[in-house]
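Each chain is listed here by its residues.
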Amino acid sequence: MGLPRVLSGVQPTGALHLGNWLGAIRNWVELQSSHDTFVCVVDLHAITVPHDPKQLAHDTLSTAALYVACGMDPEHCSIFVQSQVKAHSELCWLLNCVTPLNWLERMIQFKEKAVKQGDNVSVGLLDYPVLMAADILLYDADLVPVGEDQKQHLELARDIAQQRINANFGSKEEPVLKVPKPLILKEGARVMSLNDGRSKMSKSDPNEGSRITLLDPPELITKKIKRAKTDPQIGLEFGNPDRPEAENLLSIYSILSKQSRDVVAAECAEMGWGTFKPLLAETTVAALEPIQSRYAELMGDQAELKRILNQGRERAEVVAEATLKRVRDALGFLA
Ligand code: TRP
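The structure reproduced in this document is the subject of the present report. Computed from a predicted structure; not experimentally measured. (Residues numbered from 1 in each chain as written. Predicted model: local features only at pLDDT ≥ 70, side-chain atom pairs only at ≥ 80, totals over all residues. Heavy atoms only, no water.)

With that settled, the discussion passes to unusual backbone geometry. The backbone phi angle of aspartate 140 is positive, close to 50°, even though this residue is not glycine. In this fold, aspartate 140 is placed in the loop between helix H7 (123-138) and strand E4 (143-146). You will see that lysine 258, though not glycine, has its phi angle at about 55°, which is positive. Structurally, lysine 258 is set in the loop between helix H10 (244-256) and helix H11 (261-268). (Helix = DSSP H or I, 4+ residues; strand = E, 2+ residues; numbered from the N terminus.)

And the structure:
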């Protein structure tokens, strides 16, 4: 296929939330019609911190089902589970052996996560970005849509490909690996916490009230929005740095109601929070309803889901194995 290629993934840890959908998956859905799109559930990344095996198996399937429910069309893209394509682990090892340790020790996300793990930091957590580089480089990806927080990891993947593999084991005419470009997502890319308009909506926030998951039932959505942090001002607006909650909730409303920012800004300019919140709740419930019903269908018929994942794995393997062979050959492994 001549289309530019895209690769991305999300970890199967806990239910996906509005931030994952609006910030990541929604963009993949757009890209799949104009790009050769590969999306994976990165289950190998999920075990870089302590995990529960039963939960992992369930979350892996559930995350894949949500990709489809959000509009990833298995006929227009390849959806697969990272651990089922063995080339990810193998390329990760090969890249490990050319990646300087100090490149990993300075990764911001590693430092942040390591603090939370105390004495129990695994080698895998340190190695997380190299596995991510393997994910990306295996597919000769042209573009990698990621949020702002993953920019440093993408830079690392580029440096490994360019400086460590191509420079040492390839030639100018025949680079071993394609050097990918980031596609940093802008509008709506950062959905913020319901409790704090200045921090990102996150799966790891211990307070479940801080996020709306794609599987929350209507009553729970309404309750979480009702309790969301507000400020004492009447009327919602964009662009006021002192009102991050207004910015965030109005932005979510704009995306979910499919109305432009100007239109919602005018609609809500004089609206009190007591009127706005039920409106936002109703809009959110309505936007998630089709996703939830498609999800229930898929989880109720796992044969179909597994067929989709098998098909995705087969397509992924063709590309991944070819890249892995190039790297093995370049590094001098016996065929
Ligand atoms: N680290 C990414 C995140 O937390 C997930 C990820 C793993 C990923 N491998 C990837 C994203 C490859 C894009 C491409 O969001």
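Read on, since the account is not over.
What follows concerns the site of the ligand. Within the structure, the ligand sits among Leu7, Ser8, Gly9, Val42, His45, Tyr128, Met132, Asp135, Ile136, Val144, Val146 and Gln150. A distance of 2.7 Å separates a nitrogen atom of the ligand from a polar side-chain atom of tyrosine 128. One nitrogen or oxygen atom from the side chain of aspartate 135 is found 2.7 Å from a nitrogen atom belonging to the ligand. In the complex, the protein chains occlude 87% of the 360 Å² of accessible area that the ligand would expose alone. (Near = heavy atom within 4 Å. Polar contact = N/O pair within 3.5 Å; in protein donor to acceptor, adjacent residues only side chain to side chain. Areas by Shrake-Rupley, 256 points an atom, 1.4 Å probe, with all protein chains shown as cover.)

As a further point, take the pattern of salt bridges. This structure, assessed with the given rule, holds 16 salt bridges. Glutamate 148 serves as the salt-bridge partner of lysine 151, at 3.6 Å between the closest nitrogen and oxygen. Residue aspartate 216 pairs with lysine 224 through a salt bridge whose shortest N-O separation is 2.6 Å. According to the relative accessible area criterion, lysine 224 is buried, its value standing at 9%. Through salt bridges with shared partners, a single network forms among Asp231, Glu237 and Arg243. (Salt bridge = Lys/Arg side-chain N within 4 Å of Asp/Glu carboxyl O. Buried < 20%, exposed > 50% of the residue type's maximum accessible area, 1.4 Å probe, protein only.)

Another aspect to go through is the packing of helix H6 (residues 108-117) against H7. Running from N to C, H6 and H7 point in directions that differ by 160°, and their axes come no closer than 10 Å. With respect to their mutual orientation, H6 and H7 come out roughly antiparallel. With respect to the hand of their crossing, H6 and H7 are arranged in right-handed fashion. Contacts between H6 and H7 pair Gln109, Phe110, Lys113, Ala114 and Gln117 from the former with Leu125, Leu126 and Tyr128 from the latter. Its residues assigned to classes, the contact of H6 with H7 comprises five nonpolar, two polar and one charged. (Axes fitted to C-alpha atoms, helices over the stretch in contact; angles between N-to-C directions. Parallel < 35°, antiparallel > 145°, perpendicular 65-115°, else oblique. Left-handed = near helix turned anticlockwise from the far one by under 90°. Contact = heavy atoms within 4.5 Å. Nonpolar A, V, L, I, M, F, W, Y, C, P; charged D, E, K, R; others polar.)

Core analysis: the largest hydrophobic core is formed by 55 residues, its most contacted members being Leu18, Trp21, Tyr67, Ile79 and Phe276. When residues of this core are assigned to their parent elements, the largest contribution, ten residues, is made by helix H12 (residues 273-300). With residues up to four places along the chain from it excluded, the contact list for tryptophan 21 reads Arg26, Cys70, Leu214, Leu256, Ala287, Leu288 and Ile291. (Core = buried A, V, L, I, M, F, W, Y, C linked by side-chain atoms within 4.5 Å.)

What follows is about the packing of aromatic side chains. One pass over the structure, following the stated rule, counts five aromatic pairs. Summarising the aromatic geometry, the rings of tryptophan 28 and tyrosine 67 are spaced 5.0 Å apart at their centres and angled 90° between planes, so their arrangement reads as edge-to-face. Highlighted residues: tryptophan 28 in helix H1 (residues 18-31) and tyrosine 67 in helix H3 (residues 53-69), separated in sequence by 39 residues. Geometrically, the ring pair formed by phenylalanine 38 and tyrosine 139 is tilted, given 5.2 Å between the ring centres and 35° between the ring planes. One end of the pair, phenylalanine 38, is in strand E2 (residues 36-41); the other, tyrosine 139, is in the loop between H7 and E4, with 101 residues separating them in the sequence. In this pair, the class of phenylalanine 38 matches that of tyrosine 139, namely buried. (Phe/Tyr/Trp six-rings, centres within 6.5 Å; stacked < 30°, edge-to-face > 60°.)

Turning to helix H8 (residues 151-169), a few remarks are in order. In this model, H8 (19 residues) spans 26 Å end to end at C-alpha, consistent with the 27 Å of a helix rising 1.5 Å per residue. Maximal helix bending in H8 amounts to about 25°, located at isoleucine 160. Taken as a whole, H8 has its buried residues at His153, Leu154, Leu156, Ala157, Ile160, Ala161, Ile165 and Asn166. Tucked into the core, H8 has its buried residues touching helix H4 (87-96), helix H5 (101-105), H6, H7, E4 and strand E5 (181-184). (Expected span 1.5 Å × (residues − 1). Bend = angle between axes of the 7 residues up to and from the residue.)

Put simply, side chains in a regular strand alternate between the two faces of the sheet. In terms of residue burial, strand E3 (residues 77-81) counts as a mostly covered element, since five of its five residues are buried. By the alternation rule, side chains of E3 split into Cys77, Ile79 and Val81 and Ser78 and Phe80, which are all buried. Judged from the five bridges that link them, E2 and E3 form a sheet pairing that is parallel. By the bridge assignment, cysteine 40 is partnered in E3 with phenylalanine 80. (Pairing = 2+ DSSP bridges.)

Inspection of the entire model under this criterion finds zero disulfides. With no disulfide of its own, cysteine 70 lies 12 Å from the sulfur of cysteine 77, the closest cysteine sulfur. Note on cysteine 70: relative accessible area 11%, which makes it buried. (Disulfide = S-S within 2.5 Å.)

Burial runs high along strand E1 (residues 5-10): five of the six residues are buried. Where E1 lies against E2, six bridges are found, and the strand directions are parallel. By the bridge assignment, serine 8 is partnered in E2 with valine 39. For the crossover from E1 across H1 to E2, the handedness is right-handed. (Right-handed = clockwise from strand over helix to strand, strands pointing away.)

Put simply, H4 and helix H13 (residues 302-331) touch, their axes get as near as 10 Å, and they point 25° apart. With respect to H13, the axis of H4 lies roughly parallel. As H4 runs across H13, the sense of the crossing is left-handed. Between H4, through Ala87, Glu90, Leu91 and Leu94, and H13, the contact on the second element is made entirely by Ala320, Glu321, Leu324, Val327, Arg328 and Leu331. Tallied by class, residues from the contact of H4 with H13 come to seven nonpolar, no polar and three charged.

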